[in-house]
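Structural description and commentary
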Amino acid sequence: MSSAAPSRLAERPTTLVIEDRVDAEQALLAPRGELVHGCVDALAGTLAALPAGIGRVDLDMSGVVFMDTAGLQFLDLLGGYGHRHAVPVTATNWKGQPLRILELAGLDTTDPLRSTARRPAPEPKPARSAVAAERSERLHVLQEEVAQLRQAIASRPVIDQARGVLMALHGCTPDEAWQILRETSQLSNTKLRTVAAAVTEGAGTGRVPPAEVRAALGRALARLGRRTG
């Protein structure tokens, strides 16, 4: 059985699938994809479908490749489930960018639910100001990172469309299309989203991209030909 986050926008693919297996009294969940808007709904559906009498719930997070602040809500829901049902819940094997978010949030990267369940005792008064300053700085860094993640999420649809255009026109793979866009952005000193929009608009309306983008795109395509030739 698996649960998927609902797609609110037609152009956005399903971003999370949760594979689950029940072994005796243990539920083993394996999220695959991204912890973004909709992931909490997918998790709630999976937890609600678990049979009665489950003694523990373990999540293997190695298949999660991207996470924004919705991932912290995902963890809150898991912790709440464990408290309500009085069962241990773990979320382990974090990797890549999601692991970085846990670090910035000050959570236990081995199992963030453990650090949530066992909050440290209050710091002694002499050290409180230093602890508060450290937490404030950590929060500031996390907010900046999340802002960057939100911008990346907003840019992703047009970038995906541009990759599709390049794949159709030049017969390249998804990874090669991404490399073409990235190199064009670097060579023309133009934001990646702007390059992607120019490529997509050019395919749809025939409008020619700006000269600097057009020249950089030609160089990126030539490099691809040398690499694959």
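Residues numbered from 1 in each chain as written. Predicted model: local features only at pLDDT ≥ 70, side-chain atom pairs only at ≥ 80, totals over all residues. Heavy atoms only, no water.

Okay, the overall build of the protein chain next. Along the backbone of the protein chain there are 8 helices and 6 strands. From first element to last, N terminus to C terminus, the protein chain shows the α and β order β-β-β-α-β-β-α-β-α-α-α-α-α-α. Counted over contacts in the protein chain with a minimum sequence separation of 6, partners at least 24 positions apart contribute 63%. Accessible surface for the protein chain amounts to roughly 12,800 Å². Of this, 53% is attributable to carbon and sulfur atoms. (Helix = DSSP H or I, 4+ residues; strand = E, 2+ residues; numbered from the N terminus. Contact = heavy atoms within 4.5 Å. Areas by Shrake-Rupley, 256 points an atom, 1.4 Å probe, with all protein chains shown as cover.)

We now examine the confidence of the model for the protein chain. When pLDDT is averaged along the protein chain, the result is 80; 78% of the residues meet or exceed 70. Mean pLDDT per element in the protein chain: strand β1 (residues 2–4) is the minimum at 49, and strand β4 (residues 56–60) is the maximum at 96. Across residues 3–14, where pLDDT falls below 50, the model places 26 contacts with residues more than four positions away in sequence or in other chains. Note on residues 116–122: pLDDT is under 50 here. Beyond four places in sequence and across chains, it has 1 contact. (pLDDT = per-residue confidence, 0-100.)

Attention shifts here to helix α3 (residues 96–104). Along α3, the residues classified as buried are Gln 97, Pro 98, Ile 101, Leu 102 and Leu 104. Buried positions in α3, seen along its axis, are confined to an arc of 165 degrees and lie on one side of it. Backbone geometry just downstream of α3 places Gly 106 in the positive-phi region, at approximately 75 degrees. (Buried < 20%, exposed > 50% of the residue type's maximum accessible area, 1.4 Å probe, protein only. Arc of directions from axis to C-beta.)

Right, let's talk about the packing of helix α1 (residues 39–48) against helix α2 (residues 70–85) for a bit. Relative to each other, α1 and α2 sit at 20 degrees, their axes nearing to 9 Å. When the axes of α1 and α2 are compared, the pair comes out roughly parallel. Crossing handedness for the pair α1 and α2: right-handed. Between α1, through Cys 39, Val 40, Leu 43, Ala 44 and Leu 47, and α2, the contact on the second element is made entirely by Ala 70, Gln 73, Phe 74, Leu 77, Leu 78 and Tyr 81. Its residues assigned to classes, the contact of α1 with α2 shows 10 nonpolar, 1 polar and no charged. (Axes fitted to C-alpha atoms, helices over the stretch in contact; angles between N-to-C directions. Parallel < 35°, antiparallel > 145°, perpendicular 65-115°, else oblique. Left-handed = near helix turned anticlockwise from the far one by under 90°. Nonpolar A, V, L, I, M, F, W, Y, C, P; charged D, E, K, R; others polar.)

Turning to the nonpolar core, a few remarks are in order. The nonpolar side chains of soluble globular proteins are, as a tendency, buried together. Counting residues in each nonpolar core, the largest one holds 30 residues, and the members touching the most others are Leu 35, Val 57, Leu 59, Phe 74 and Leu 78. Looking at this core, the elements with two or more residues in it are β2 (16–23), β3 (26–35), α1, β4, β5 (64–67), α2, β6 (89–92) and α3. The element that contributes the greatest number of residues to this core is α2, accounting for 5 residues. Filtering out sequence-adjacent residues up to four positions away, Leu 35 remains in contact with Leu 16, Met 61, Val 64, Phe 66, Met 67, Asp 68, Ala 70, Gly 71, Phe 74 and Trp 94. (Core = buried A, V, L, I, M, F, W, Y, C linked by side-chain atoms within 4.5 Å.)

We now examine the pattern of salt bridges. For the coordinates displayed, the defined rule picks out 5 salt bridges. In this structure, Arg 163 and Asp 160 form a salt bridge, with 3.8 Å as the shortest nitrogen-oxygen distance. You can see Arg 163 and its partner Asp 160 sitting in helix α5 (residues 125–170), 3 residues apart, about one turn around the helix. Ionic pairing is found between Glu 183 and Arg 223, a salt bridge with its closest N-O pair at 3.7 Å. (Salt bridge = Lys/Arg side-chain N within 4 Å of Asp/Glu carboxyl O.)

A word on the pairing of β4. The sheet contact formed by β3 and β4 spans 4 bridges and is parallel. By the bridge assignment, Leu 29 is partnered in β4 with Leu 59. As for the winding sense of the linkage, the β-α-β connection from β3 through α1 to β4 is right-handed. Sheet analysis places β4 next to β6, joined by 4 bridges and oriented parallel. Note on β6: the bridge partner recorded for Leu 59 is Ala 91. (Pairing = 2+ DSSP bridges. Right-handed = clockwise from strand over helix to strand, strands pointing away.)

Secondary-structure assignment places Ser 188 in helix α6 (residues 174–188). Polar side-chain contacts of Ser 188 include one of 2.6 Å to the backbone oxygen of Thr 184. For Ser 188, the side chain forms a polar contact with the side chain of Thr 190, separated by 3.0 Å. Residues contacting Ser 188, with those up to four places away along its chain left out, are Val 195, Glu 212, Val 213 and Ala 216. (Polar contact = N/O pair within 3.5 Å; in protein donor to acceptor, adjacent residues only side chain to side chain.)

A positive phi angle, close to 65 degrees, is found at Asn 93, a residue other than glycine. With respect to the helices and strands, the residue Asn 93 is situated in the loop between β6 and α3. The partly exposed category is assigned to Asn 93, whose relative accessible area is 43%. Despite not being glycine, Asn 189 has its phi angle at roughly 55 degrees, a positive value. Locating Asn 189 in the fold gives a position in the loop between α6 and α7 (192–205). Looking at Asn 189, the relative accessible area reads 74%, which means it is exposed.

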